[in-house]
Amino acid sequence: MISSKSDFGTRLLLTALIASWSFTLAAESAPQQKSNGTAVVPASHRRARPASDPWWKHAVIYEIYPRSFQDSNGDGVGDLNGITSRLDYLQTLGVDAIWITPCYPSPQIDFGYDISNYEAIDPQYGTMADFDRLLAEARKRNIRIVMDFVVNHTSDKHPWFVASESSKTNPRRDWYVWRDGKVPGAPPAGQPPNNWESYFGHSAWQYDPRTSQYYYHKFYIQQPDLNWENPKVKAAMYGVARFWLNKGVAGFRLDAVNTLYEDPGLTDEGVVNGPDGKPLINAYGDVKLDDSRTSFQPKVHDVLKDLRRITDSYAGQRVLIGETYISSIEGLRVMYGKHNDELELPMDMQIGTINKMDVGTFRRRIDEAETQLDGAQPLLVFDNHDNPRWDRYGQGVLGNGVYNKDIGRVIAAVLFATRGTAMMYYGDEIGMKTTPPLRQEDVKDPIGKIGWPNEKGRDGERTPMQWNATANAGFTKSTSPWLPVPPSYRLTNVQAEVDDHASMLNWYRQLIELRRTNTALHSGDNVMVNTTDNNVLSWIRVAPDKSAVLVVCNFTDQPQKVAFDLTAQGYKKQPASTLMKTPGSSDPASLDAVDLPAFGVYIGQLQR
């Protein structure tokens with residue numbers, strides 16, 4: 001349903017969107033029906049989700065940064081009513097759940113990740129009544145709401161911390177991590193307890209002259225870490241979880257969950273050296289440390305088990321998603337729990353941080369996620385509000401982004417056609433680009449203010465959603481959006497891509513529909529094929545009934561011809577039944593000769 005505050009142009013956009021996609025869906029009743037080089041889904045391969053599967057196992061989760069998605073009241077900042085007004089768009093795209101980054105009251109030092117009240121809505125985003133309406137309207141469309149739960153720290157304006165810093169004897173003093181300095185006194189004469197660093201630059205210890213102690217902050221100074229050793233902190237935070245679960249949210253994305261605990265002995269962290277044996281220096285000018293004493297401490301798993309017991313006690317298959325930047329498949333496997341009793345979906349960033357079109361690395365990391373998680377469900381993540389958008393893969397390839405859209409189709413195929421839950425970021429589906437500020441004075445993100453020019457901050461991946469070619473891309477009626485709308489909006493926007501069958505938007509829509517309706521892509525195993533090919537990444541998805549789909553992705557800027565012999569797996573050399581292909585591709589006459597254009601993708605149903 002369109003919000004009463006939506007303009008007439010939005011209604012026209014939605015009408016066109018539904019009409020365009022309804023045409024495409026109608027065409028799917030005919031096998032091999034094609035439009036401008038993109039094949040649609042044969043009805044014979046459709047399949048509904050088994051009732052026994054939890055909803056999140058095959059879900060498409062769409063991250064929304066509320067400040068940047070849709071402004072409904074003209075103040076230049078996106079809000080909850082704006083999200084509600086766009087639910088029909090999300091439903092038509094095929095989204096199963098939306099993850100909303102923090103919309104709680106906050107001083108906005110870290111744009112919501114510094115929370116001053118966990119059980120309310122920040123007025124700039126709306127009211128609790130607005131949230132309840134969003135929840136209800138999403139439910140009508142079978143879209144679930146996943147909340148961002150910031151478990152590691154609060155704002156320094158949270159009443160808990162205000163009390164904690166007031167005196168050493170305050171009952172909430174030990175709700176946070178306070179310690180004496182290694183050398184007494186204020187800096188620079190005094191020294192902090194150890195060498196630990198903030199992720200956002202410099203010492204992780206802030207001196208408080210009122211009590212002559214330091215408090216610990218793994219992130220900004222204004223984000224003091226909670227003391228999870230304190231049972232009262234646990235009880236309070238578990239109460240927050242129950243508050244939102246009682247409202248009906250589908251679960252939580254747990255922010256910075258790996259940093260909940262620190263080494264109680266305050267042991268210094270190790271220095272990371274480069275190949276020349278000299279210490280590496282980060283973007284803030286600090287010596288790089290190994291995080292061994294401030295991340296992934298054993299007691300983190302106790303909290304995850306507690307939270308899992310809480311979510312499991314509610315009906316509706318609530319889910320726990322973890323922000324888990326982990327560099328090995330072994331480390332990722334641990335986050336599920338020995339008995340699959342911790343996170344259902346740790347975020348697998350290993351593939352998304354490759355940052356180059358490297359077939360061998362993609363193949364290895366995808367295969368690890370598919371085969372070395374003890375059968376658990378992978379969750380691949382390529383980008384989000386903290387990382388540059390996937391156009392980073394196209395930088396440096398023949399002229400700085402010439403093949404961005406083609407590479408975007410490859411990335412989308414990897415995301416949606418491998419086995420796993422898929423998480424995408426708003427604007428990915430239309431090909432929005434990372435657009436960092438050009439001048440330090442334009443930076444909004446404090447990271448960029450601290451680290452400029454080596455670190456320009458995260459504004460570039462947080463620019464407003466590009467809905468149409470009107471002023472400010474249809475994001476706001478204000479002349480001053482909170483972040484500038486990139487010039488690319490004139491061509492890259494939802495309205496421009498709705499009727500273009502070769503657009504990124506329709507590529508995403510059809511991929512999402514295909515994974516929902518095709519037996520093999522919905523629930524099949526993932527098997528890598530042609531594993532010695534250094535130019536083309538290929539795999540088959542094999543369903544329990546042995547139906548199978550072949551996915552072929554050219555990772556180079558040159559045309560490639562690929563041959564497949566899958567007779568050992570029980571599949572004929574006859575041509576596959578084309579399901580999808582990138583523009584400029586042709587249907588292969590046989591599996592002996594599959595031709596792909598530069599960064600081309602082919603997806604076909606195998607014959608038995």
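Keep in mind that what you see is a predicted model, and the values were worked out from it rather than measured.

1. Notes on the overall build of the chain
And then number 1: Counting secondary structure elements, the chain contains 14 helices and 20 strands.
And then number 2: Against the 2.2 N^0.38 benchmark of 25 Å for 608 residues, the chain shows a C-alpha radius of gyration of 25 Å, consistent with a compact globule.
And then number 3: C-alpha extents for the chain along the principal axes are approximately 80 × 55 × 50 Å.
And then number 4: Here the chain holds 608 residues, and 61% of them are scored as buried.
And then number 5: Contacts spanning at least 24 positions in sequence make up 69% of the contacts within the chain whose residues lie at least 6 apart.
And then number 6: As displayed, the chain has an accessible area near 22,800 Å², and 52% of this comes from carbon and sulfur atoms.

2. A few points about the environment of Val359
And then number 1: Among the secondary structure elements, Val359 is positioned in helix H9 (residues 359-371).
And then number 2: Once the C-alpha coordinates of Val359 and Thr556 are considered, the two residues, 197 residues apart in sequence, prove to be 9.2 Å apart.
And then number 3: The contacts of Val359, once residues within four sequence positions are left out, are Asp533, Asn534, Asn535, Val536, Leu537 and Phe555.

3. Some words on the layout of surface pockets
And then number 1: In this model, the largest pocket occupies a volume close to 1,600 Å³.
And then number 2: Contributing to the lining of the largest pocket are 48 residues, with Tyr199, Phe219, Asp291, Tyr325 and Asn387 lying nearest its centre.
And then number 3: Taken together, the residues of the lining of the largest pocket break down into 16 nonpolar, 17 polar and 15 charged.
And then number 4: There is about 410 Å³ of room inside the second largest pocket.
And then number 5: Around the second largest pocket, the lining comprises 19 residues; the ones closest to its centre are Asp96, Arg141, Asn142, Ile143 and Arg144.

4. A few points about the packing of helix H10 (residues 404-417) against helix H13 (residues 504-517)
And then number 1: Packing of H10 against H13 brings their axes to within 10 Å, and their N-to-C directions diverge by 15 degrees. In terms of orientation, H10 and H13 fall into the roughly parallel class. With respect to the hand of their crossing, H10 and H13 are arranged in right-handed fashion. Residues Lys405, Gly408, Arg409, Ala412, Ala413, Leu415 and Phe416 of H10 form the contact with H13, whose participating residues are Met504, Trp507, Tyr508, Leu511, Ile512 and Arg515.

5. Examining the pattern of salt bridges
And then number 1: Summed over the entire model, instances satisfying the criterion amount to 28 salt bridges.
And then number 2: For Arg253, the salt bridge is made with Asp148, and the minimal N-O distance between the two is 3.1 Å. Placement of Arg253 in strand S9 (residues 251-255) and of Asp148 in strand S5 (residues 144-150) is noted, with a sequence separation of 105 residues between them.
And then number 3: For Arg253, a relative accessible area of 0% gives the class buried.
And then number 4: By relative accessible area, which is 0% here, Asp148 ends up buried.
And then number 5: Here Glu165 ties to Arg210 by a salt bridge, and the two come within 4.0 Å at their closest N and O atoms. You can see Glu165 sitting in the loop between helix H5 (159-164) and strand S6 (178-179) and its partner Arg210 sitting in the loop between strand S7 (205-208) and strand S8 (213-216), a full 45 residues away along the chain.
And then number 6: Here the salt bridges do not stand alone but share partners, grouping Asp110, Asp386, Asp445, Arg458 and Arg462 into one network.

6. Let's talk about the sheet that holds S5
And then number 1: On the basis of which strands lie adjacent, the open sheet formed by eight strands has the order S11-S10-S9-S5-S4-S3-S13-S12 and parallel pairing. Edge positions in the open sheet fall to strand S11 (345-346) and strand S12 (379-381), since each of these has one partner strand only.
And then number 2: Inspection of the sheet shows strand S4 (residues 97-100) paired to S5 by four bridges, in the parallel sense. The residue of S5 that forms the bridge with Ala97 is Arg144.

7. Comments concerning H10
And then number 1: Given a rise of 1.5 Å per residue, 14 residues ought to cover 20 Å, and the 20 Å separating the end C-alpha atoms of H10 matches this to within 8%.
And then number 2: Counting buried residues along H10, twelve of its 14 residues qualify, which places the element largely inside the surrounding structure.
And then number 3: Buried within H10 are the following residues: Asn404, Ile407, Gly408, Arg409, Val410, Ile411, Ala412, Ala413, Val414, Leu415, Phe416 and Ala417.

8. A few points about helix H7 (residues 300-312)
And then number 1: Here H7 contains 13 residues, and its C-alpha end-to-end distance of 18 Å stays within 8% of the 18 Å for a straight helix at 1.5 Å per residue.
And then number 2: Those residues of H7 lying buried are Val300, His301, Val303, Leu304, Asp306, Leu307, Arg308, Ile310 and Thr311.
And then number 3: Contacts from the buried residues of H7 go to helix H6 (231-247), S9, strand S10 (319-322) and helix H8 (329-334).

9. Looking at the nonpolar core
And then number 1: Counting 144 residues, the largest nonpolar core has Tyr62 and Ile98 as its most contacted members.
And then number 2: When residues of this core are assigned to their parent elements, the largest contribution, nine residues, is made by H10.
And then number 3: Residues Val542, Val562, Phe564 and Ala576 belong to the second largest nonpolar core, which totals 17 residues.

10. Points about the packing of aromatic side chains
And then number 1: Taken as a whole, this structure holds 33 aromatic pairs when the rule is applied.
And then number 2: Ring geometry for Phe362 and Phe555: centres 5.0 Å apart, planes at 80 degrees, overall edge-to-face. On the criterion of sequence distance, the pair formed by Phe362 in helix H9 and Phe555 in the loop between strand S16 (548-554) and strand S17 (560-562) is long-range, its members being 193 residues apart.
And then number 3: In this structure Phe555 comes out as buried when scored by relative accessible area, which is 4%.
And then number 4: The rings of Tyr104, Tyr118, Phe131, Phe149, Trp160, Trp175, Phe243, Trp244 and Phe252 are connected pair by pair, giving a single aromatic cluster.
And then number 5: The aromatic ring of Trp178 is capped on one face by Arg173, whose charged end is 3.6 Å from the ring centroid.

11. Observations regarding unusual backbone geometry
And then number 1: Residue Pro187 is joined to Pro188 through a cis peptide bond whose omega torsion reads 5 degrees.
And then number 2: Looking along the chain, the bond that leaves Trp452 and enters Pro453 is cis, with omega of 5 degrees.

12. Some thoughts on the side chain of Thr556
And then number 1: Relative to the helices and strands, Thr556 resides in the loop between S16 and S17.
And then number 2: Taking relative accessible area as the criterion, Thr556 reaches 15% and is therefore assigned buried.
And then number 3: Of the polar contacts made by the side chain of Thr556, one reaches the side chain of Gln560; its length is 3.1 Å.
And then number 4: Leaving out residues up to four positions away in the same chain, Thr556 has contacts with Asn535, Ala598 and Phe599.

13. Some words on the pairing of strand S15 (residues 536-542)
And then number 1: With seven of its seven residues buried, S15 lies for the most part within the structure.
And then number 2: A two-sided burial pattern is seen for S15, the buried positions comprising Val536, Ser538, Ile540 and Val542 on one face and Leu537, Trp539 and Arg541 on the other.
And then number 3: Across five bridges, strand S14 (residues 525-529) lies against S15 in antiparallel orientation. Among the inter-strand pairings, Asp525 is bridged to a residue of S15, identified as Val542.
And then number 4: Connecting S14 to the antiparallel partner S15 that follows it, the hairpin turn spans six residues, and Asn530 within it adopts a positive phi of roughly 50 degrees.
And then number 5: Note: S15 against S16, seven bridges, orientation antiparallel.

Calculation rules
- Residues numbered from 1 in each chain as written.
- Predicted model: local features only at pLDDT ≥ 70, side-chain atom pairs only at ≥ 80, totals over all residues.
- Heavy atoms only, no water.
- Helix = DSSP H or I, 4+ residues; strand = E, 2+ residues; numbered from the N terminus.
- Rg over C-alpha atoms; globule rule 2.2 N^0.38 Å.
- Buried < 20%, exposed > 50% of the residue type's maximum accessible area, 1.4 Å probe, protein only.
- Contact = heavy atoms within 4.5 Å.
- Areas by Shrake-Rupley, 256 points an atom, 1.4 Å probe, with all protein chains shown as cover.
- 1 Å grid on protein atoms, 1.4 Å probe; cavity = no way out; pocket = protein on both sides within 12 Å on 5 of 7 lines; lining within 4 Å.
- Points joined across faces, edges and corners; volume = space filled by probe spheres on them.
- Nonpolar A, V, L, I, M, F, W, Y, C, P; charged D, E, K, R; others polar.
- Axes fitted to C-alpha atoms, helices over the stretch in contact; angles between N-to-C directions.
- Parallel < 35°, antiparallel > 145°, perpendicular 65-115°, else oblique.
- Left-handed = near helix turned anticlockwise from the far one by under 90°.
- Salt bridge = Lys/Arg side-chain N within 4 Å of Asp/Glu carboxyl O.
- Pairing = 2+ DSSP bridges.
- Expected span 1.5 Å × (residues − 1).
- Core = buried A, V, L, I, M, F, W, Y, C linked by side-chain atoms within 4.5 Å.
- Phe/Tyr/Trp six-rings, centres within 6.5 Å; stacked < 30°, edge-to-face > 60°.
- Lys NZ or Arg CZ within 6 Å of the ring centre and 35° of its normal.
- Polar contact = N/O pair within 3.5 Å; in protein donor to acceptor, adjacent residues only side chain to side chain.

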